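Next come the chains, spelled out residue by residue.
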Amino acid sequence: MGSVRAVAGVARQGEGGWKTSQQSLGITTGAQSKRPARSGVARVVSLAFSRSSDRSYPKEHLLNRRAKATATMPSYKLTYFNITGLGEPLRFLLHYAGIDFEDFRVEFEDWPALKSKMPMEQIPILEIDGRVYHQTRAISRYLAKKGNLYGSNELEALEIDMCVDDIEDCRLYYSAHFREQEPARKAKLLELAIEKTPWYLAKFEQRVKKNGGYFVAGKLSWADTHFSAIIELISNIAQKEFVKDFPALDKLDQTVRSTPKIKAYLDKRPHTKF
């Protein structure tokens, strides 16, 4: 208030006193300025109020506003086995979207005690503010939208879903092998999976070449991140670097893995068998 009263006092001075005050404040008059003297007073008063407001505005209020904004952000917890598997496509999406989440990894020996607590006795699940959501592709679509990886329109989204389903058709051969317990049958299922994989990859290679190095619309999408995660999984199971025979897919895989947030995750993720 002291600064405001001082300015008001200046405004009440006579012509000579006002002129002197103007000079001391660096405000031009007469021929040097086309504005009336009163606008100069208004400007000084406005400046005084502005500076007074800046000094009196509580810093704690700004901190409280930031704290409230942080408190309203949803919490995320991903639960899956301590392997890549079906959890890795979700981890890629979460990291790419910049979503802070708890990566809860279940050891196989602990799974029987947890199984009955899952909605469909399967994982992965994603908890958002404590509410449980399941089904990998349903969760993926949600996260893809969060990361702007679900296309620019409905037709692009349709193509992305189509590509992801094709990738999953290839993966299912390895899933059958993984679930089989009888050794001879298990070995034959792996042979079949390895035999079928190049056929799928050849189709994907053509598609990626046609779309400027990506699965859909010449830009990064959920289909690309999903492919990168799944090709790593099946390559580890088969002990074969499939993409080395498919240059466009190899380049796409490297593109996904070099995106800053996914790369940062890969650099520090736990080492697992699969």
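Residues numbered from 1 in each chain as written. Predicted model: local features only at pLDDT ≥ 70, side-chain atom pairs only at ≥ 80, totals over all residues. Heavy atoms only, no water.

Our next topic: empty space enclosed by the protein. What the rule picks out here adds up to 1 cavity of 30 Å³ or more. Roughly 40 Å³ of internal volume is contained in the largest cavity. Lining the largest cavity are Ile167, Cys170, Leu201, Phe204, Phe227, Ile230, Ile231 and Ile234. Broken down by secondary-structure element, the contributors of at least two residues to the lining of the largest cavity are helix H8 (154-179), helix H9 (183-210) and helix H10 (222-238). For the lining of the largest cavity, the per-class residue count stands at 8 nonpolar, no polar and no charged. (1 Å grid on protein atoms, 1.4 Å probe; cavity = no way out; pocket = protein on both sides within 12 Å on 5 of 7 lines; lining within 4 Å. Points joined across faces, edges and corners; volume = space filled by probe spheres on them. Helix = DSSP H or I, 4+ residues; strand = E, 2+ residues; numbered from the N terminus. Nonpolar A, V, L, I, M, F, W, Y, C, P; charged D, E, K, R; others polar.)

Locating Glu205 in the fold gives a position in helix H9. Once residues within four sequence positions are removed from consideration, Glu205 is found in contact with Phe246, Pro247, Ala248 and Leu249. (Contact = heavy atoms within 4.5 Å.)

Let's shift gears to the pairing of strand E4 (residues 131-134). As paired strands, strand E3 (residues 125-128) and E4 are joined by 4 bridges and run antiparallel to one another. By the bridge assignment for E4, Leu126 is matched with Tyr133. If you look at the hairpin formed by E3 and E4, you'll find 2 residues sitting between the two strands, and Asp129 has a positive phi there, around 55°. (Pairing = 2+ DSSP bridges.)

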